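# Topology and contacts: notes
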Amino acid sequence: MADLSPDPVGVITEFSTAIAALAERALTAARNGQAQAAVLAAGEMQMLLRRKREALQQALDTGRSKRIPPAQRAAVRLAARDALGPVRHVMARFAADARARQVRQNAIGAALSAATRAPTGVYGATATRGGRVGVMLTGRTVRHTADITA
């Protein structure tokens, strides 16, 4: 009699390959600035997980069952352990890209913030002529005070 249950190692390996391909597609879309395509790929990952949930659960149960030969249980456990490795690598690259983007945004923000604040002693235009802002106001005040008292 033929065994009609699917190969648990094949189910796990097939799922791992498909989810890694979708994760890679999401990463590529995010890197290219295609937010909609990245979200759609992430949604496909979610749908794949929902579609394969029962088959994956049965495959993992096979790895824990005492009625299955030890060699097959070990193969299932090995496949399950290595199943999300490719996805972890893609997500690590995605996180590194996000950190780099955040550092770049922080640097741009700091540069813009520094450009909007004028440090002391900056030359600027006044109502009558250009000159040192702090010195000119002080000099004008002293001149007018001297004219009044003289």
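Just above, that's the structure.
It should be emphasised that the depicted structure is a prediction, and the values quoted were computed from it without experimental measurement.

## Details of the packing of helix α1 (residues 8–31) against helix α4 (residues 85–116)
Relative orientation of the contacting elements α1 and α4 amounts to 15°, with a least axis distance of 8 Å. Taken together, the axes of α1 and α4 lie roughly parallel to each other. Taken as a pair, α1 and α4 cross one another with a handedness that is left-handed. Within the contact between the two elements, α1 uses Ser16, Ile19, Ala20, Ala23, Glu24, Leu27, Ala30 and Arg31 and α4 uses Pro86, Val87, Val90, Met91, Arg93, Phe94 and Asp97. Each residue belonging to the contact of α1 with α4 can be placed in one class, and the counts come to 10 nonpolar, 1 polar and 4 charged.

## Digging into α1
Taking 1.5 Å of rise per residue, the 24 residues of α1 would be expected to cover 34 Å, and the 34 Å separating its terminal C-alpha atoms lies within 8% of that figure. By the burial criterion, the buried members of α1 are Pro8, Val11, Ile12, Phe15, Ser16, Ile19, Ala20, Leu22, Ala23, Ala26, Leu27 and Ala29. Its buried side turned inward, α1 meets α2 (35–64), α3 (70–83) and α4.

## Things to note about the packing of α1 against α2
Their axes nearest at 9 Å, the elements α1 and α2 cross at an angle of 165°. As far as their axial angle goes, α2 and α1 are roughly antiparallel. For α1 against α2, the interelement crossing comes out left-handed. Across the contact of α1 with α2, the residue classes break down as 22 nonpolar, 1 polar and 4 charged.

Calculation notes
Residues numbered from 1 in each chain as written. Predicted model: local features only at pLDDT ≥ 70, side-chain atom pairs only at ≥ 80, totals over all residues. Heavy atoms only, no water. Axes fitted to C-alpha atoms, helices over the stretch in contact; angles between N-to-C directions. Helix = DSSP H or I, 4+ residues; strand = E, 2+ residues; numbered from the N terminus. Parallel < 35°, antiparallel > 145°, perpendicular 65-115°, else oblique. Left-handed = near helix turned anticlockwise from the far one by under 90°. Contact = heavy atoms within 4.5 Å. Nonpolar A, V, L, I, M, F, W, Y, C, P; charged D, E, K, R; others polar. Expected span 1.5 Å × (residues − 1). Buried < 20%, exposed > 50% of the residue type's maximum accessible area, 1.4 Å probe, protein only.

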